[in-house]
Amino acid sequence: MTGLRERQRSQLRQRIQEQAMRLFLERGYADTTVADVAAAAEVSSMTVFRHFPTKEALVLTDDYDAAIVARIASRPAGEPLLRRILGSLADGVAELPEAQRALMLARVRLVRDTPALRARHWETQYQTRCAIVDGLLGEQPDPATRFRAQVAADAALAAASTAIFRWVDEDGATDLAELLREALAALTDEVAR
């Protein structure tokens, strides 16, 4: 159970990020300062930096990796890796509250439209891949097993990115969980050929 202090911290972090997204979308990423975000969230710039160490982090930071890893770990161990990973992503997205889906849509739209964020996005994608592989294998020393998990995680994340960017292109009108399941089907169909 999460304590009151942690819930308040999480709510403040979410409020800061929501205000940042609103301002970035209204004014543009380059034309919005951290001070602007702080004023909109009714906190100091120092408080913003306590929660988000850089301006890019206001867009790219999320708590999804731990949830993804936990969801993957809860699936049957014998399930093919691509199905475990993409199935977990689809199930997780299906359970997101509307406010979190809206924030995700805004974040991905900014990443798509902002070259500096696109470049940093690959870094966060790599961190997600590492978290998935570590969650699947732990400290598995076998290089061949680790390599297979890395390939599966990279393929699954590439397919997920394609589905997510299509979702953004369609302004969130399509069911993202269904797009992720379609991406899994497309990927596994191609692998089976």
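Residues numbered from 1 in each chain as written. Predicted model: local features only at pLDDT ≥ 70, side-chain atom pairs only at ≥ 80, totals over all residues. Heavy atoms only, no water.

Caption draft 1: Structural view of the overall build of the protein chain. When helices and strands are tallied, the protein chain shows 10 helices and zero strands. Its helices and strands taken in sequence order, the protein chain reads α-α-α-α-α-α-α-α-α-α from the N to the C terminus. Along the longest, intermediate and shortest principal axes, the C-alpha atoms of the protein chain span 55 × 35 × 30 Å. The buried share of the protein chain, taken over its 193 residues, is 39%. Pairs at least 24 apart in sequence give 66% of the contacts found in the protein chain among residues at least 6 apart. Per element, the accessible surface of the protein chain, about 10800 Å² overall, is 54% carbon and sulfur. Between the averaged position of the 25 positive side-chain charges in the protein chain and that of its 28 negative side-chain charges there is a distance of 3 Å. (Helix = DSSP H or I, 4+ residues; strand = E, 2+ residues; numbered from the N terminus. Buried < 20%, exposed > 50% of the residue type's maximum accessible area, 1.4 Å probe, protein only. Contact = heavy atoms within 4.5 Å. Areas by Shrake-Rupley, 256 points an atom, 1.4 Å probe, with all protein chains shown as cover. Lys, Arg positive; Asp, Glu negative; His and termini not counted. Charge placed at Lys NZ, Arg CZ, Asp CG, Glu CD.)

Caption draft 2: Main features of helix α2 (residues 34-41). By the burial criterion, the buried members of α2 are Val34, Val37, Ala38 and Ala41. Taken end-on, α2 shows its buried residues confined to a sector of 100 degrees, consistent with a single buried face. Against the buried residues of α2 lie α1 (4-27), α3 (45-51) and α4 (57-60). Looking one or two places after α2, you find Glu42, whose phi comes out positive at around 60 degrees. (Arc of directions from axis to C-beta.)

Caption draft 3: Geometry of the nonpolar core. Ile85, Leu86, Leu89, Ile132, Trp167 and Leu180 are the most contacted members of the largest nonpolar core, which totals 32 residues. The set of elements that each furnish at least two residues to this core consists of α5 (64-74), α6 (81-94), α7 (98-113), α8 (115-137), α9 (143-169) and α10 (176-192). The element best represented in this core is α9, accounting for 11 residues. Not counting the four nearest positions on each side in its chain, Leu89 is found in contact with Ile68, Leu157, Ala160 and Leu180. Ranked by size, the runner-up nonpolar core spans 23 residues in total, among them Leu12, Ile16, Ala106 and Val111. (Core = buried A, V, L, I, M, F, W, Y, C linked by side-chain atoms within 4.5 Å.)

Caption draft 4: Focus on unusual backbone geometry. The phi dihedral of Glu42 falls on the positive side, at around 60 degrees, and the residue is not glycine. With respect to the helices, strands and loops of the structure, Glu42 is situated in the loop between α2 and α3. Taking relative accessible area as the criterion, Glu42 reaches 72% and is therefore assigned exposed. Positive phi is not limited to glycine here, since Asp171 has a value of about 55 degrees. Within the secondary structure, Asp171 sits in the loop between α9 and α10. Judged by relative accessible area, which is 53%, Asp171 ranks as exposed.

Caption draft 5: Main features of α7. For α7, which comprises 16 residues, the first-to-last C-alpha distance of 23 Å matches the rise-based estimate of 22 Å (1.5 Å per residue) to within 8%. All of the buried residues in α7 are Leu103, Met104, Leu105, Ala106, Arg107, Val108, Arg109, Leu110 and Val111. (Expected span 1.5 Å × (residues − 1).)

Caption draft 6: A look at the environment of Leu117. By the secondary structure assignment, Leu117 is in helix α8. For Leu117, a relative accessible area of 0% gives the class buried. Each C-alpha atom of the pair Leu117 and Gly92 lies 24 Å from the other, and the pair is 25 residues apart in sequence. When near neighbours in sequence (up to four residues on either side) are disregarded, Leu117 contacts Tyr29, Glu56, Val59, Leu60, Leu110 and Val111.

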